[in-house]
Amino acid sequence: IVAFLKTGSAYYAPSAAAAWMVKAIIDDSGEELPVCAWMEGEYGIDGVYLGVIAEVGSGGVRQVVQEPLSDEELAGLVEAAEAVKAKVADLEQISL
């Protein structure tokens, strides 16, 4: 794909992922896809959007699929959530 598309190859994966999500929504399939979802207690994390696996249907994300994680993986996910929350807090301090 990279050789064929050359400078436009970076668009292939994101556009394919978006098309896959749209199909899951239109078909109301409940397919498990990697998405950015609002966390409401999953993995012990609240109040932040994170990249996780979720069931996707006509209403969007149905539920986050909590895959078993090692202690190291869970610690990394929690660390990522805290980093996102910190950046959001930084943005809230900006006056426009």
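Engineer: I tried to follow helix H2 (residues 12-27) on my own but got confused; where do I start?
Structural biologist: Residues that lie three or four places apart on an α-helix share one face, since the helix turns once every 3.6 residues. When the terminal C-alpha atoms of H2 are compared, their 22 Å separation across 16 residues agrees well with the 22 Å that a helix rising 1.5 Å per residue should span. Looking one or two places after H2, you find Asp 28, whose phi comes out positive at around 50°.

Engineer: Mind showing me how you'd approach the pairing of strand E3 (residues 60-64) here?
Structural biologist: Every regular strand shows the same layout, with side chains that alternate between the two sheet faces. In terms of strand pairing, strand E2 (residues 46-57) meets E3 through 4 bridges, oriented antiparallel. Considered in E3, the bridge of Gly 57 is made with Gly 60. The hairpin formed by E2 and E3 contains 2 residues between the paired strands.

Engineer: Would you mind going over the pattern of salt bridges with me for this structure?
Structural biologist: A side chain of one charge can pair with a side chain of the opposite charge when the charged atoms of the two come close. Tallying each qualifying case throughout the model produces 2 salt bridges. Here Asp 27 and Lys 23 are joined by a salt bridge, their closest N and O atoms 2.5 Å apart. Of this pair, Asp 27 and Lys 23 are both found in helix H2, 4 residues apart, which corresponds to roughly one turn of the helix. Residue Asp 27 is classed as partly exposed on the basis of its relative accessible area, which comes to 42%. Where Arg 62 meets Asp 28, a salt bridge forms, and the shortest distance between an N and an O atom there is 2.5 Å. Pair noted here: Arg 62 is in strand E3 and Asp 28 is in the loop between H2 and strand E1 (31-40), with a separation of 34 residues, a long-range link. The partly exposed category is assigned to Arg 62, whose relative accessible area is 41%.

Engineer: I'm lost on the nonpolar core in this one. Help?
Structural biologist: Generally speaking, soluble globular proteins have nonpolar side chains that are buried together. Of all hydrophobic cores here, the largest spans 15 residues; its most connected members are Met 39, Ile 45 and Leu 50. Looking at this core, the elements that each hand over two or more residues are E1, E2 and helix H3 (71-92). No other element matches the 5 residues that E2 contributes to this core.

Engineer: Explanation requested: a nonpolar patch on the surface in the structure shown.
Structural biologist: On the surface, Leu 69, Leu 74 and Val 78 cluster together into a nonpolar patch covering about 180 Å² of accessible area. Examined against the element boundaries, Val 78 turns out to sit in helix H3.

Engineer: What is the right way to read unusual backbone geometry from this model?
Structural biologist: A negative phi angle characterises most non-glycine residues, just as the trans form characterises most peptide bonds. Of note in the backbone geometry, Asp 28 takes a positive phi value of approximately 50° without being a glycine. Residue classification places Asp 28 among the partly exposed residues on the basis of a relative accessible area of 37%. Of note, Tyr 43 is a non-glycine position whose phi angle comes to about 55°, a positive value. By relative accessible area, which is 16% here, Tyr 43 ends up buried.

Conventions we followed
Residues numbered from 1 in each chain as written. Predicted model: local features only at pLDDT ≥ 70, side-chain atom pairs only at ≥ 80, totals over all residues. Heavy atoms only, no water. Helix = DSSP H or I, 4+ residues; strand = E, 2+ residues; numbered from the N terminus. Expected span 1.5 Å × (residues − 1). Pairing = 2+ DSSP bridges. Salt bridge = Lys/Arg side-chain N within 4 Å of Asp/Glu carboxyl O. Buried < 20%, exposed > 50% of the residue type's maximum accessible area, 1.4 Å probe, protein only. Core = buried A, V, L, I, M, F, W, Y, C linked by side-chain atoms within 4.5 Å. Patch = residues over 30% accessible without salt bridge, like charges linked within 9 Å, V, L, I, M, F, W, Y side chains within 5 Å. Areas by Shrake-Rupley, 256 points an atom, 1.4 Å probe, with all protein chains shown as cover.

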